[in-house]
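Observations on chain architecture
Take a look at the letters that make up each chain.
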Amino acid sequence: MTRGGKKGGLRSLATKLMGICCDPALTAEDLVQEARIAVWLRRDTIAKSANPSASAYRVAREAMLRELQRSERRAGRYYRVDGEPLGSDDDPEDDEQEG
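Residues numbered from 1 in each chain as written. Predicted model: local features only at pLDDT ≥ 70, side-chain atom pairs only at ≥ 80, totals over all residues. Heavy atoms only, no water.

**Here we look at the packing of helix α1 (residues 9-18) against helix α2 (residues 28-41)**
Each pair of packed helices can be summarised by the angle the axes make with each other and by the distance between the axes. Interaxial distance between α1 and α2 falls to 8 Å at its minimum, and their mutual angle equals 125°. It follows that α1 is oblique to α2 by the angle criterion. Like other packed secondary-structure pairs, α1 and α2 cross with a definite hand, here right-handed. Each of L10, R11, A14, T15, L17 and M18 in α1 lies in contact with α2, whose residues at this interface are A28, E29, L31, V32, A35 and R36. (Axes fitted to C-alpha atoms, helices over the stretch in contact; angles between N-to-C directions. Helix = DSSP H or I, 4+ residues; strand = E, 2+ residues; numbered from the N terminus. Parallel < 35°, antiparallel > 145°, perpendicular 65-115°, else oblique. Left-handed = near helix turned anticlockwise from the far one by under 90°. Contact = heavy atoms within 4.5 Å.)

This is the structure we're talking about:
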């Protein structure tokens, strides 16, 4: 057992979720940090629930999924499918601004 319950709980979930992420700037640790913040902010509600462990895990999971959704929106705007950032030398918008 590790601190906080089930062995590998948040990190394991974050690592699995990273498999669907296309933003190269996002890491599993970023997801874990978002989850910890969400649990901390909702700690009073979690403590009053019938099953605090399950409530904490649900809040953490939802926070990770929200961060992935935000990341996907950012990645869709700023990264090509191959992971290269937009705005490289072959970006036509840059050519229009120069000429």
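**Considering the pattern of salt bridges**
Applying the stated criterion across every chain yields a total of 4 salt bridges. As a salt-bridge pair, E62 and R58 come within 3.6 Å of each other at their nearest N and O atoms. Separated by 4 residues within a single helix, E62 and R58 lie in helix α4 (residues 52-78), roughly one turn from each other. A relative accessible area of 29% places E62 in the partly exposed class. (Salt bridge = Lys/Arg side-chain N within 4 Å of Asp/Glu carboxyl O. Buried < 20%, exposed > 50% of the residue type's maximum accessible area, 1.4 Å probe, protein only.)

**Some details on the side chain of S55**
Relative to the assigned elements, S55 resides in helix α4. The class for S55 is buried, based on a relative accessible area of 12%. Among residues more than four places away in sequence, those in contact with S55 are I46 and S49.

**So, α2**
Three or four residues apart is the spacing at which side chains of an α-helix point the same way, because the helix has 3.6 residues per turn. For α2, with 14 residues, the first-to-last C-alpha span of 20 Å sits near the 20 Å given by 1.5 Å per residue. Within α2, the full set of buried residues consists of L31, V32, A35 and A38. Summarising the axial view, the buried residues of α2 lie within an arc of 125°, below the 170-degree limit, and thus occupy one face. The outward face of α2, more than 90 degrees from its buried face, is lined by the exposed residues W40 and L41. (Expected span 1.5 Å × (residues − 1). Arc of directions from axis to C-beta.)

All quantities given are derived from atomic positions and should not be read as evidence of function.
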